[in-house]
Amino acid sequence: MIENLSKKRMVFGISCLILLTIVVLIIESKWMKAGSRRQEFVIENNSTCWQRETYEVIKDCHPCTAFEIASKSQGVCVHTHNKEVLKCIGGEIVTRSCDRVAWLDERHFWSFQISLTIIGTLSAAISFLRQKTLNRRTILKIQRELGA
């Protein structure tokens, strides 16, 4: 395993990982700049009052139901599968498409963090047990050599 690698190979492997990390960060930052502007799809007829008037968000961005997506009964659900309900100053209530659902993103973030914590804990436990096994083997080997 890793304890059998020479110092030169270890340094080479770590250098490759650092280089790969830098390349990924550069590529990711370029993609984020290109895709960072918010897209809004206007689908409903005569529902652009929110573009020319002030409005109030009645219902925050939330996912469309499976029926709305499949039947295309609401045009705003076609592109992003998310919608939010707005009320314009004139009294008109409209639905518009939105990019992200905040609570869904938060749930994905926390599930990712929890899975990383579990994987990290398991990795640390396995590493600890492996080190303990290697130490025991070394002690037994030294005892056999001293006994002979």
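Residues numbered from 1 in each chain as written. Predicted model: local features only at pLDDT ≥ 70, side-chain atom pairs only at ≥ 80, totals over all residues. Heavy atoms only, no water.

**Student:** If you had to explain the nonpolar core to someone new, which residues and values would you point to?
**Tutor:** As a rule of thumb, soluble globular proteins bury nonpolar side chains together. With five residues, the main nonpolar core is built from Cys49, Trp50, Leu86, Cys88 and Val94. Of all elements in the fold, only α2 (49–52) and β2 (82–88) reach the threshold of two or more residues within this core. (Core = buried A, V, L, I, M, F, W, Y, C linked by side-chain atoms within 4.5 Å. Buried < 20%, exposed > 50% of the residue type's maximum accessible area, 1.4 Å probe, protein only. Helix = DSSP H or I, 4+ residues; strand = E, 2+ residues; numbered from the N terminus.)

**Student:** Can you tell me about the side chain of asparagine 82, naming the residues and giving the values?
**Tutor:** Checked against the element boundaries, asparagine 82 lands in strand β2. The class for asparagine 82 is buried, based on a relative accessible area of 9%. A polar side-chain atom of asparagine 82 sits 3.1 Å from the main-chain carbonyl oxygen of aspartate 99. Among all residues touching asparagine 82, those that are not within four sequence positions of it are Cys61, His62, Pro63, Cys64, Val76, Arg96, Ser97, Cys98, Asp99, Arg100 and Val101. (Polar contact = N/O pair within 3.5 Å; in protein donor to acceptor, adjacent residues only side chain to side chain. Contact = heavy atoms within 4.5 Å.)

**Student:** Please provide a residue-by-residue account of a nonpolar patch on the surface, values included.
**Tutor:** On the surface, Phe109, Trp110, Ile114, Ile118, Leu122 and Ile126 cluster together into a nonpolar patch covering about 650 Å² of accessible area. The topology assignment puts isoleucine 114 in helix α4 (residues 102–147). (Patch = residues over 30% accessible without salt bridge, like charges linked within 9 Å, V, L, I, M, F, W, Y side chains within 5 Å. Areas by Shrake-Rupley, 256 points an atom, 1.4 Å probe, with all protein chains shown as cover. Salt bridge = Lys/Arg side-chain N within 4 Å of Asp/Glu carboxyl O.)

**Student:** Tell me about the side chain of glutamate 68, and please be specific about residues and values.
**Tutor:** As for its position among the elements, glutamate 68 is in helix α3 (residues 66–71). In this structure glutamate 68 comes out as buried when scored by relative accessible area, which is 13%. Looking at glutamate 68, its side chain comes within polar contact range of the main-chain nitrogen of threonine 65, at 3.1 Å. In this structure, glutamate 68 is in contact with Ser73, Gln74, Cys77 and Lys83, ignoring residues within four places of it in sequence.

**Student:** Give me unusual backbone geometry: which residues, what numbers.
**Tutor:** Although it is not a glycine, histidine 81 sits at a positive phi angle of roughly 65°. Residue classification places histidine 81 among the partly exposed positions, given a relative accessible area of 35%.

**Student:** Would you mind going over the pairing of β2 in detail, with residue names and values included?
**Tutor:** As a general feature of sheets, a regular strand has side chains that alternate between the two faces. When you tally the buried positions in β2, you get six out of seven residues, the bulk of the element. Bridge analysis of strand β1 (residues 55–63) against β2 gives six bridges, and the strand direction is antiparallel. In the sheet register, proline 63 faces β2, and the bridge partner there is asparagine 82. Sheet analysis places β2 next to strand β3 (residues 93–97), joined by five bridges and oriented antiparallel. Paired with valine 85 across the bridge in β3 is threonine 95. (Pairing = 2+ DSSP bridges.)

**Student:** Explain the packing of aromatic side chains to me, and be specific about the residues and the numbers.
**Tutor:** Within the structure shown, the criterion is met by one aromatic pair. For the pair phenylalanine 109 and tryptophan 110, a centre-to-centre distance of 5.1 Å together with 75° between the ring planes defines the contact as edge-to-face. With relative accessibility at 42%, the residue phenylalanine 109 sits in the partly exposed group. The class of tryptophan 110 is partly exposed, set by a relative accessible area of 48%. (Phe/Tyr/Trp six-rings, centres within 6.5 Å; stacked < 30°, edge-to-face > 60°.)

**Student:** Run through the UniProt feature "transmembrane region" (unreviewed entry) in the protein, naming residues and quoting values.
**Tutor:** Feature annotation in UniProt places "transmembrane region" (unreviewed entry) on residues 12–32 and 109–129, given in this structure's numbering. For the annotated span residues 12–32, helix accounts for 100% and strand for 0% of the residues, and the straight-line distance between the end C-alpha atoms is 30 Å. In residues 109–129, helix accounts for 100% and strand for 0%; the two terminal C-alpha atoms are 30 Å from one another. (UniProt positions renumbered as here; feature names shortened; annotations may be inferred.)

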